[in-house]
Amino acid sequence: MTLRYIRHIDSTVLFIATVLLALREQKEFAWLWMSELGRSSWFPLALLALGSFFGIVQPVVRWSERGQLQDRIAMDHQINSAFSNILSRVLDLVHQSKDNEILQPAVSLQLVEADDPYALSHRDIALHIWRAKRTIRHPLVGQLVRLRAIRMASTPTTQPVIFLRGKGVTGACWERNDIVVADNISAHHDVHSQEAWLDVTNSTRRNLSWTEHKRSKHCGAILATPIRSGERFSGCISVDLPYGARILEDENLQELAQQVANRIGERRFLGV
């Protein structure tokens, strides 16, 4: 039960106590107070105390918040641990790439603006957690709402882009209900204007506008892993790098992302 509904329990007790006290002064409802309990002098005081206690102290909400805080701490630990494992795996693959040329496509296309083309670091890796929800703007089909963004650097900043089913890499993950890896930097390396962007096929644009593309172009390589409630898609986890899509095709890396996605799905985003 969510906090929004649990909060109604305290309000309901307060409302019932208030209504009973108000009806005590109405002759039409005198029959409610004809019992021995109703005629006792302490009963109205007890109702007043009960209503005040649930209205001011809100014991049910406090109990629930304490439980949700514990859930959030536990989920924080799992998410941060998963991000740490993903980070380590990516950096291991970057180190290995100097030998097996995992990053060679981006390097050969001269897409990497760095003295060392293999200079991916922990500051370049980000993890995002998304949930599919109905919103005021999209009450029927819903959209992906970003619940968390984890990056060990202040830049690049997270830009507002609304991802729908089939829109962007995360939207493609929603549409397929499966893992999606995208090499955006290679697909869009020669697009430098809105006109050029519109000339690209819609499947390559992934239904993004030119403005949305510019806001998310720092995500040169993206891995999106579905979060499921049963078999139904309910959200996804995305990992993005400035380049190096072949790194994100690593099965061990995908397994790490899927593990935390499964955990979130089992808990139905509780604590996220």
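Residues numbered from 1 in each chain as written. Predicted model: local features only at pLDDT ≥ 70, side-chain atom pairs only at ≥ 80, totals over all residues. Heavy atoms only, no water.

Asker: Is there a simple way to explain the environment of L21 in this structure?
Answerer: Tracing the sequence through the fold places L21 in helix α1 (residues 3–23). Excluding its chain neighbours within four sequence positions, the residues that come into contact with L21 are P44, L47 and L48. (Helix = DSSP H or I, 4+ residues; strand = E, 2+ residues; numbered from the N terminus. Contact = heavy atoms within 4.5 Å.)

Asker: Can you walk me through the nonpolar core in this structure?
Answerer: The tendency in soluble globular proteins is for nonpolar side chains to be buried as a group. Counting residues in each nonpolar core, the largest one holds 32 residues, and the members touching the most others are V90, L127, I129, I237, L241, I247 and I264. When contributions to this core are tallied by element, the ones reaching two or more residues are α4 (59–100), β1 (126–133), β4 (221–229), β5 (232–241), α11 (245–248) and α12 (251–266). Here this core takes nine residues from α4, the largest share from any one element. With sequence-adjacent residues up to four places away left out, I129 is seen in contact with I79, V145, R146, L147, R148, I227, C236, I237, I264, F269 and V272. In terms of nonpolar packing, the next biggest core, distinct from the first, is built from 20 residues, F163, V180, C219 and A224 among them. (Core = buried A, V, L, I, M, F, W, Y, C linked by side-chain atoms within 4.5 Å. Buried < 20%, exposed > 50% of the residue type's maximum accessible area, 1.4 Å probe, protein only.)

Asker: Would you explain the side chain of H213 in this entry?
Answerer: Its place among the elements puts H213 in helix α10 (residues 210–216). Take H213: its relative accessible area is 6%, and that puts it in the buried class. With near-sequence residues (within four places) excluded, H213 lies in contact with H188 and W197.

Asker: Looking at this model, I keep getting lost on the environment of T204. Mind explaining?
Answerer: The topology assignment puts T204 in helix α9 (residues 202–205). Counting along the chain gives 20 residues from T204 to N184, while the straight-line C-alpha distance between them is 8.6 Å. With near-sequence residues (within four places) excluded, T204 lies in contact with A187 and H188. A polar atom in the side chain of T204 sits 2.8 Å from the side chain of T201. (Polar contact = N/O pair within 3.5 Å; in protein donor to acceptor, adjacent residues only side chain to side chain.)

Asker: Quick question: what am I supposed to make of the packing of aromatic side chains here?
Answerer: By convention here, two paired aromatic rings are described through the distance between centres and the angle between planes. In the structure shown here, the tally under the stated rule is three aromatic pairs. Residues W174 and F233 carry aromatic rings whose centres are separated by 5.7 Å and whose planes lie at 10° to one another, so their mutual orientation is stacked. Taken together, the residues span a long stretch of sequence, with W174 in helix α6 (residues 168–176) and F233 in strand β5 at a distance of 59 residues. An identical accessibility class is assigned to W174 and F233; each is buried. (Phe/Tyr/Trp six-rings, centres within 6.5 Å; stacked < 30°, edge-to-face > 60°.)

Asker: Quick question: what am I supposed to make of a nonpolar patch on the surface here?
Answerer: There is a patch of nonpolar side chains on the surface, built from F15, I16 and V19 and spanning about 270 Å² of accessible area. When you line up the elements, V19 lands in helix α1. (Patch = residues over 30% accessible without salt bridge, like charges linked within 9 Å, V, L, I, M, F, W, Y side chains within 5 Å. Areas by Shrake-Rupley, 256 points an atom, 1.4 Å probe, with all protein chains shown as cover. Salt bridge = Lys/Arg side-chain N within 4 Å of Asp/Glu carboxyl O.)

Asker: Could you clarify how one ought to interpret the confidence of the model for the protein chain in this entry?
Answerer: The predicted coordinates of low-pLDDT regions are not to be read in fine detail. Summarising the model, the protein chain shows a mean pLDDT of 82, and 81% of its residues fall at 70 or more. Mean pLDDT per element in the protein chain: helix α5 (residues 104–108) is the minimum at 47, and α6 is the maximum at 96. Confidence drops under a pLDDT of 50 for residues 106–115, and excluding neighbours within four residues, the segment shows 12 contacts in the predicted structure. (pLDDT = per-residue confidence, 0-100.)

Asker: What should I look at first to understand helix α3 (residues 42–57) in this one?
Answerer: The first and last C-alpha atoms of α3 sit 22 Å apart over 16 residues, in line with the 22 Å expected at 1.5 Å per residue. Regarding α3, the residues found buried are F43, P44, L47, G51 and F54. Looking straight down α3, one finds that the buried residues subtend no more than 105° of arc, so they occupy a single side. Facing away from the buried side of α3 by more than 90 degrees, the exposed set consists of W42, L45 and I56. Just downstream of α3 lies Q58, where phi reads positive at about 50°. (Expected span 1.5 Å × (residues − 1). Arc of directions from axis to C-beta.)

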